[in-house]
Amino acid sequence: MRQTDNICMQTLRYKVEVAGKSLPVLTNQDKGRYGVIVFENLDKYLNMDNWNRQLLDKYCRDYSVGIIGFVSPSEETLVGAQLRGFPLYVHTNLRLRDASLNPGSPVLRLTRAGDTAWGPLPGNDWAIFQHNHSGYEPLEWAQKNVMDYPTDGVAQPPLATVLQDHGQLDGIQRILFGSGLKFWLHRLLFLDSLSYLSHGQLSLNLERRILIDIDDIFVGEKGTRLKPDDVHALIATQNRIGEMVPGFRFNLGFSGKYFHHGTHEENLGDDMLLRNVAQFNWFSHMWNHQQPHLYENVTQLMNDMMLNKDFAKEHGIPTDSGYSVSPHHSGVYPAHELLYTAWKKVWNIKVTSTEEYPHLRPARLRRGFIHRNIMVLPRQTCGLFTHTICIDSYPGGRDKLDESIRGGELFQTIVYNPINIFMTHMSNYGNDRLALYTFESVIKFLRCWTNLKLTSVPPLQLGELYFKLHPEERDPIWGNPADDPRHAKIWAGNKRRTTLPKLLGLGPQKTGSTAFYTFLSMHPAVASNLPNSDTFEEIQFFNGNNYYRGLDWYLNFFPLQPNDTDDKFMFEKSATYFDGELVPKRAHALLPKAQLVTILISPAKRAYSWYQHIKAHGDPIANNYSFYQVITASEAEPKALRDLRNRCLNPGKYAQHLERWLACYPPQQLYIIDGEQLKTNPVTVMNDLQRFLKLPPFDYSRHLRFDNKKGFYCQVVSDNRNKCLGKSKGRQYPPMDDRSAKMLQKYYRIHNQALVKLLKKLGSRPIPQWLKEDLSVTS
């Protein structure tokens, strides 16, 4: 059982299962796990063994779950073959044309029974259904292709290509498709089938917002710009679209430097646009249309913006839209911090858009994010670019464009996205006015075949609505621009010459992570990040507010090494990374090939050490509550006490946190250090680690020595002198009280058992002695 296409993956939850000898688990605590069952190959359902079929059918009846099935292509041609167990007959491998829908079908919701989809249908392996039972109702019909099946002029009855089973025979509703999702109409019917069979639980909202940006106003070369007649056509088309899409206006982005840089007639077109300023929405590009990261400093950037703003004021162009688009998408993502600063100061920008986040293609994976309080929305492409000036220059010509409009990529883009911001250029609206034809045509086609409610609002309202619909996208995910050739080109040159870490030390806190940092930094082939003025050796980028400072901020800790050390193995350590819920996903986006090192000690000992650590630093909660009071605090206790309890207990759920990291990184990139061994035998531990990291050999036995006064290993400076960690390291605390020890032994038992299973699954490290001891203690 599996879905045959990922058209719904952004909006509807689904799970893919391979139809095998056994069924997946269908229920969870007496609740059904699936709202609809989809078979990409109907034969897999029809030919299930009796036991599984009975179980599945019972589940569908008990939980009112419907089934969708697709007749798959087959070399064998069937003529009037009965579907196993049903009073249905199927003919296969047909070529069909002229599809139409049953306007009375209760399944139709998003889909509207419009005109007939004239012409040959894609493929030569269609199946049609015949029945003689009132429990079946056609949802879609088609005709035989008369070029292949001559009819001698005799009218032919419609052939059922999609059939609804109302469940009268066995209490299970089904919808059967005689072909897959290559036919655009089937994509709509599939969405409606999911909605209908799930009783509305798997439904898309029918409201769609559309904004059409026209970039590069005044920028185009001579011969490509708007003339007065083009401006009249722009306004006339806008008015017609406005009758179909309430609130619609074209959104014009301008660069004032190039005003009146066309032919005489094109300059008249510029004047015509300005005489009709009030007809459109407006937004700012840069004055000279230059990429923002090419300016030397923020002052130059702001000066350029001010020139455009002065031009706008001089010519009556509104300056309060709060929206701007950067030329060539430069600086929005990957984020150029000076652009965000200048936008705020000069234009008070609150929303922008780009195709680049996280990558240009595929469009369905584009997302939004918020950075420095500026909302960044995903921009959609419509197939029109600066070079597609006329229909003759459109790749594939008119037929290809019409295919995109009539059920193809442009049509589907609007169907699946509740908010659509389309990028176009001024050159698409002159000459043969390709963009006007494109958008008016696709909107008419949407109105013909769907019940979508199309409206338009200004960008600021779109941004607010977008993040209400997608609150999970508010936080950015920074990737490495060097991993994407297009991003690398629009990324400032000096930023590309940074050395990102090849290793992350994850922590957790109070397990020896500072000692690990110190020992690894001693290796001559290794370099760490520059210190953070707030947190010393730790950057703490991926797990807190520092992440919102942006990629520039992080990269500044990893300057390009001198020529003789370009190949340094760079690393960073932040002990709070280990249990940060968002950290693995963020780290993998930027550092997918990084090695990960974590250090584990007894979680009970770690919890107690953390309590004593912050108590020694004067924490008022730790000084006013005993350790036992902290770790047993209830949810009714003050928040500060509950927060301390969580910081003591949660990091010690090792298996839970490691599983989160392993969901993003492969096991071979994770190295686990026994923290007790790091303390008592660091030479062996570090030698093993450098072999794992494939570093040049470094003799740690000559550089680490046990310091009797401190009670732990320190760096050797000379025969008589060691360099040890500070006073806060290696403190001797009073023993943990028995009551706390028993409570923690019981609390962590299930987590320690899970850790043993995980370590055995990984198979790379022995079970630490402290873990065996923690599990052997009886309460």
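All figures in this text were calculated on a predicted structure; none of them were measured in a lab.

A. The arrangement of the overall build of the protein in detail. Counting its secondary structure elements, the protein contains 25 helices and 29 strands. The principal-axis extent of the C-alpha atoms belonging to the protein is close to 105 × 80 × 50 Å. Each of the 779 residues in the protein was classed as buried or not, and the buried ones make up 53%. The long-range share in the protein, meaning contacts at least 24 apart out of those at least 6 apart in sequence, stands at 75%. About 35,700 Å² of surface is accessible on the protein, with carbon and sulfur atoms providing 50% of the total. Between the mean site of the 91 positive side-chain charges and the mean site of the 78 negative ones, the protein shows a separation of 8 Å.

B. Inspection of the nonpolar core at higher detail. With 146 residues, the main nonpolar core has Phe 250, Tyr 429, Phe 541, Phe 542 and Tyr 554 as its most contacted residues. A total of nine residues in this core trace back to one element, the largest contributor, which is helix H10 (residues 434-449). Setting aside anything within four residues of it in sequence, one finds Phe 541 in contact with Trp 478, Asn 546, Tyr 547, Gly 550, Trp 553, Tyr 554, Tyr 577 and Leu 590. If you look at the next biggest cluster of nonpolar residues, it comprises 25 residues, including Ile 37, Leu 56, Phe 86 and Val 90.

C. Focus on the pattern of salt bridges. What the rule picks out here adds up to 23 salt bridges. Of the charged contacts, one joins Asp 215 and Arg 379 as a salt bridge, the two residues approaching to 2.8 Å between their closest N and O atoms. Remark: Arg 379 occurs in the loop between strand E18 (374-378) and strand E19 (380-381) and Asp 215 occurs in strand E13 (residues 207-217); sequence separation between them is 164 residues. One exposure class covers both Asp 215 and Arg 379, and it is buried.

D. Just the domain arrangement of the protein, in detail. Here the protein is partitioned into domain 1 (27-198), domain 2 (212-473) and domain 3 (496-776). Taking only C-alpha atoms, the centre of domain 1 and the centre of domain 3 are 57 Å apart.

E. Highlighting the sheet that holds E18. The mixed open sheet is built from three strands, whose spatial order is E16-E18-E17. The sheet is open, and its two borders are formed by strand E16 (351-354) and strand E17 (369-371), each paired with just one other strand. Taking each pair of neighbouring strands and ignoring which way they run, the sheet shows an average axis angle of 30°. Both E16 and E18 contribute to a ladder of four bridges, which runs parallel.

F. Just the packing of aromatic side chains, in detail. Taken as a whole and assessed by the stated rule, the structure comprises 51 aromatic pairs. Directly above the aromatic system of Tyr 45 lies the positively charged group of Arg 53, at a separation of 4.2 Å from the ring centroid. Looking at Arg 398, its charged tip hangs above the ring of Tyr 437, at a distance of 5.1 Å from the centre.

G. The arrangement of empty space enclosed by the protein in detail. Enumeration according to the criterion identifies three cavities of 30 Å³ or more in this entry. Roughly 60 Å³ of internal volume is contained in the largest cavity. Every residue along the wall of the largest cavity is listed here: Leu 42, Tyr 45, Leu 46, Ile 67, Leu 83, Phe 86, Leu 88, Tyr 136, Asp 165, Arg 174 and Leu 176. Mapped onto the lining of the largest cavity, the elements with two or more residues apiece are helix H1 (42-46) and strand E12 (174-177).

H. Expanded view of the side chain of Glu 137. Summarising the element assignment, Glu 137 is placed in strand E10 (residues 136-144). When neighbours within four sequence positions are excluded, Glu 137 is seen to be in contact with Asn 102, Gly 104, Ser 105, Pro 106, Leu 163, Gln 164 and His 166.

I. Summary view of unusual backbone geometry. Of the consecutive residues Tyr 333 and Pro 334, the connecting peptide bond is found in the cis state with omega at -5°. The topology assignment puts Pro 334 in the loop between helix H6 (298-314) and helix H7 (337-347). With a phi angle near 65°, Asn 373 is a residue other than glycine that sits in the positive phi range. If you trace the backbone, Asn 373 turns up in the loop between E17 and E18. One non-glycine residue, Lys 694, lies in the positive phi region at around 60°. With respect to the secondary-structure elements, Lys 694 resides in the loop between helix H23 (682-692) and strand E27 (704-707). Judged by its relative accessible area of 74%, Lys 694 falls in the exposed class.

J. Fine view of the sheet that holds strand E28 (residues 712-718). Pairing in this open sheet of three strands is antiparallel, and the strands run E27-E28-E29 from one edge to the other. Two strands bound the open sheet, and with one partner strand each, they are E27 and strand E29 (721-723). Strand-to-strand twist of the sheet, defined as the mean angle between neighbouring strand axes without regard to direction, takes the value 60°. Sheet topology note: the E28/E29 ladder contains three bridges and is antiparallel. Bridge pairing links Ser 718 to Arg 721 in E29.

K. Local environment of the confidence of the model for the protein. The predicted model of the protein averages 91 in pLDDT, with 94% of residues at 70 or higher. Across residues 1-10, confidence stays below pLDDT 50; counting only partners more than four residues off in sequence or on other chains, it has 37 contacts.

L. Quick peek at the pairing of strand E20 (residues 419-425). With seven of seven residues buried, E20 is to be regarded as a mostly interior element. Both faces of E20 are covered, namely the face carrying Ile 419, Ile 421, Met 423 and His 425 and the face carrying Asn 420, Phe 422 and Thr 424. Pairing analysis gives two bridges linking E19 to E20, with the strands arranged parallel. Its bridge partner lying in E20, Thr 381 is registered against Met 423.

M. Layout of the packing of helix H17 (residues 603-616) against helix H20 (residues 639-649). Packing of H17 against H20 leaves a shortest axis separation of 8 Å and a crossing angle of 135°. Considering their axes alone, H17 and H20 lie oblique with respect to each other. For the pair formed by H17 and H20, the contact residues are Arg 606, Ala 607, Trp 610, Tyr 611 and Ile 614 on the first element and Leu 644, Arg 647, Cys 648 and Leu 649 on the second. Taken together, the residues that form the contact of H17 with H20 break down as seven nonpolar, no polar and two charged.

Procedures and definitions
- Residues numbered from 1 in each chain as written.
- Predicted model: local features only at pLDDT ≥ 70, side-chain atom pairs only at ≥ 80, totals over all residues.
- Heavy atoms only, no water.
- Helix = DSSP H or I, 4+ residues; strand = E, 2+ residues; numbered from the N terminus.
- Buried < 20%, exposed > 50% of the residue type's maximum accessible area, 1.4 Å probe, protein only.
- Contact = heavy atoms within 4.5 Å.
- Areas by Shrake-Rupley, 256 points an atom, 1.4 Å probe, with all protein chains shown as cover.
- Lys, Arg positive; Asp, Glu negative; His and termini not counted.
- Charge placed at Lys NZ, Arg CZ, Asp CG, Glu CD.
- Core = buried A, V, L, I, M, F, W, Y, C linked by side-chain atoms within 4.5 Å.
- Salt bridge = Lys/Arg side-chain N within 4 Å of Asp/Glu carboxyl O.
- Domains from an automatic or database assignment.
- Pairing = 2+ DSSP bridges.
- Axes fitted to C-alpha atoms, helices over the stretch in contact; angles between N-to-C directions.
- Phe/Tyr/Trp six-rings, centres within 6.5 Å; stacked < 30°, edge-to-face > 60°.
- Lys NZ or Arg CZ within 6 Å of the ring centre and 35° of its normal.
- 1 Å grid on protein atoms, 1.4 Å probe; cavity = no way out; pocket = protein on both sides within 12 Å on 5 of 7 lines; lining within 4 Å.
- Points joined across faces, edges and corners; volume = space filled by probe spheres on them.
- pLDDT = per-residue confidence, 0-100.
- Parallel < 35°, antiparallel > 145°, perpendicular 65-115°, else oblique.
- Nonpolar A, V, L, I, M, F, W, Y, C, P; charged D, E, K, R; others polar.

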